[in-house]
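Structural overview
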Amino acid sequence: MIKNNSLTSQTLIEVARTLFAQRGKKNVTMNDIAEESGKGRRTLYMYFKSKDEIYKAVINNELKRIIICLREISAQNLPPDVKLMRHIISHLDAVKDAVERNGSLKADFFKDIYEVERSRRKVDIEELEMIRKILVHGVECKVFKRLDADLSATIVLYTIKGLEVPYIRQNINDVFKRNKTEIINFVLTGIKRQ
């Protein structure tokens, strides 16, 4: 099995993503993916040994899109509180975009939440470090209170992750759009200097 990010591999992942989004994972076969890609079954099996494996590749590809978005925020030269606010908003918007762009994969996303969480571990570790750096910088700049950066980063990350499902399902979306700043300030209240 070939493990690289070749054009063929990316094509197969995107074709699978589109099919999963349209029909749901359960209703797509490896043959469907091979046929739709125009690459053939032999080529597909050179890259992915099963539908579960290509599904994981689709999830990882979506997670990569999210982390790239967060890296862009992390690289910006902003005050720490503004950077953290943008990080939180970008995280929620990127996750929502990933779920929405995948149509009926949305249902599979919630069914396979344990698989998604397993795949997210590496992304979470990187994001945790981004948040930790923002917090450390905020303490150094006296924007944030003195705090345990590791513990606080963990709390912030899991607070954001706790908002994902209601945000995706739009239970709080309209409220969030109208009151983004207030909600983010509520999250930041415990760490900002008065």
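Note that residues are indexed from 1 along each chain, following the sequence as it is written. Note on the predicted model: pLDDT of at least 70 is required for a residue's local features to be given, and 80 or more for side-chain atom pairs to be given and counted; whole-chain, interface and lining totals, by contrast, use all residues. As a rule here, side-chain values come from all non-hydrogen atoms in the structure, and water together with hydrogens is ignored.

1. Section: the overall build of the protein
Secondary structure elements are taken from DSSP: a helix is a run of H or I of four residues or more, a strand is a run of E of two residues or more, and numbering for both begins at the N terminus. A tally of helices and strands in the protein yields nine helices and zero strands. Sequence-ordered secondary structure for the protein, helices as α and strands as β, is α-α-α-α-α-α-α-α-α. Should any heavy atoms of two residues lie within 4.5 Å, those residues are counted as being in contact. At a minimum sequence separation of 6, the contacts of the protein that also span at least 24 residues come to 72%.

2. A few points about unusual backbone geometry
You will see that Lys142, though not glycine, has its phi angle at about 60°, which is positive. Relative to the assigned elements, Lys142 resides in the loop between helix 7 (113–140) and helix 8 (149–168). The cut-offs for exposure are 20% and 50% of the maximum accessible area for each residue type, with area from a 1.4 Å probe on protein chains only; residues under the lower value are buried, those over the upper are exposed, and the others partly exposed. Judged by relative accessible area, Lys142 falls into the exposed class, the value being 58%.

3. What to know about the packing of aromatic side chains
In this analysis, rings of Phe, Tyr and Trp, with Trp reduced to its six-membered ring, are considered paired at centre separations within 6.5 Å, and the interplanar angle assigns stacked below 30 degrees, edge-to-face beyond 60, and tilted for intermediate values. Here the structure, examined in full by the defined rule, presents one aromatic pair. Looking at Lys25, its charged tip hangs above the ring of Tyr55, at a distance of 4.4 Å from the centre. For a Lys NZ or an Arg CZ to count as sitting over a ring, it must be within 6 Å of the ring centre and within 35 degrees of the ring normal.

4. Details of the pattern of salt bridges
Think of a salt bridge as a Lys or Arg side-chain nitrogen and an Asp or Glu carboxyl oxygen that are within 4 Å of each other. On inspection of all chains with the given rule, the structure shows 13 salt bridges. Close ionic contact of Asp124 with Arg120 constitutes a salt bridge, the shortest N to O distance being 3.8 Å. With Asp124 and Arg120 both in helix 7 and four residues apart, the pair spans about one turn of that helix. Each member of the pair, Asp124 together with Arg120, is buried. Ionic contacts of the salt-bridge type, sharing partners, join the residues Glu14, Arg17, Glu62 and Arg101 into one network.

5. Considerations on the environment of Ala21
Along the chain, the position of Ala21 falls in helix 1 (residues 7–23). Sequence-wise, Ala21 and Asn102 are 81 residues apart; in three dimensions their C-alpha atoms are separated by 4.5 Å.

6. What to know about the side chain of Asp81
Secondary-structure assignment places Asp81 in helix 5 (residues 80–100). Those residues in contact with Asp81 that sit more than four places away from it in its chain are Val143, Phe144, Leu188 and Lys192.

7. Points about the environment of Val143
Tracing the chain through its elements places Val143 in the loop between helix 7 and helix 8. Spatially, the C-alpha atoms of Val143 and Pro79 are 8.4 Å apart, while their sequence positions differ by 64 residues. Once residues within four sequence positions are removed from consideration, Val143 is found in contact with Pro80, Asp81, Gly138, Ile191, Lys192 and Arg193.

8. Observations concerning the nonpolar core
Membership of the largest hydrophobic core comes to 30 residues, with the highest contact counts inside it found for Phe20, Ile33, Leu44, Phe48, Ile54 and Ile66. Listing elements by their share of this core, those giving two or more residues are helix 1, helix 2 (30–37), helix 3 (41–47), helix 4 (51–75), helix 5 and helix 7. Take the buried Ala, Val, Leu, Ile, Met, Phe, Trp, Tyr and Cys residues and link them wherever side-chain atoms come within 4.5 Å; each set so joined is a nonpolar core. Among the nonpolar cores identified, the runner-up in size contains 17 residues, and Ile89, Val139, Leu157 and Ile160 belong to it.

9. Quick look at the confidence of the model for the protein
Scored from 0 to 100, pLDDT records how confident the predictor is in each individual residue. Here the protein averages 85 in pLDDT, while 84% of its residues score no lower than 70. Within the protein, helix 6 (residues 105–111) has the poorest average pLDDT of any element, 58, and helix 2 the best, 94.

10. A word on helix 5
Owing to its 3.6 residues per turn, the α-helix brings residues three or four apart onto one side. To estimate how far a helix should reach, multiply one less than its number of residues by 1.5 Å. Taking 1.5 Å of rise per residue, the 21 residues of helix 5 would be expected to cover 30 Å, and the 30 Å separating its terminal C-alpha atoms lies within 8% of that figure. When you tally the buried positions in helix 5, you get 15 out of 21 residues, the bulk of the element.

11. Side note on the packing of helix 5 against helix 8
An axis is simply a line fitted to the C-alpha atoms; with a helix, the fit covers only the stretch in contact. Between two such axes, the angle follows the N-to-C directions and lies from 0 to 180 degrees. The contact between helix 5 and helix 8 brings their axes to 10 Å, and the two run at 40°. Taken together, helix 5 and helix 8 sit at an angle that is classed as oblique. Here helix 5 and helix 8 pass one another in a crossing that is right-handed. Every residue of helix 8 that contacts helix 5 at Leu84, His87, Ile88, His91, Leu92, Asp93, Val95, Lys96 and Val99 is listed here: Val156, Ile160, Lys161, Leu163, Glu164, Tyr167 and Ile168. Put simply, Ala, Val, Leu, Ile, Met, Phe, Trp, Tyr, Cys and Pro go in the nonpolar bin, Asp, Glu, Lys and Arg in the charged bin, and everything else, Gly too, in the polar bin. In terms of residue class, the contact of helix 5 with helix 8 is built from 10 nonpolar, two polar and four charged. Comment on the angle field: the value is read as roughly parallel under 35 degrees, roughly antiparallel over 145, roughly perpendicular from 65 to 115, and oblique elsewhere. Helix crossings are classified by the rotation of the near helix relative to the far one: an anticlockwise turn of less than a right angle makes the crossing left-handed, while a clockwise turn makes it right-handed.

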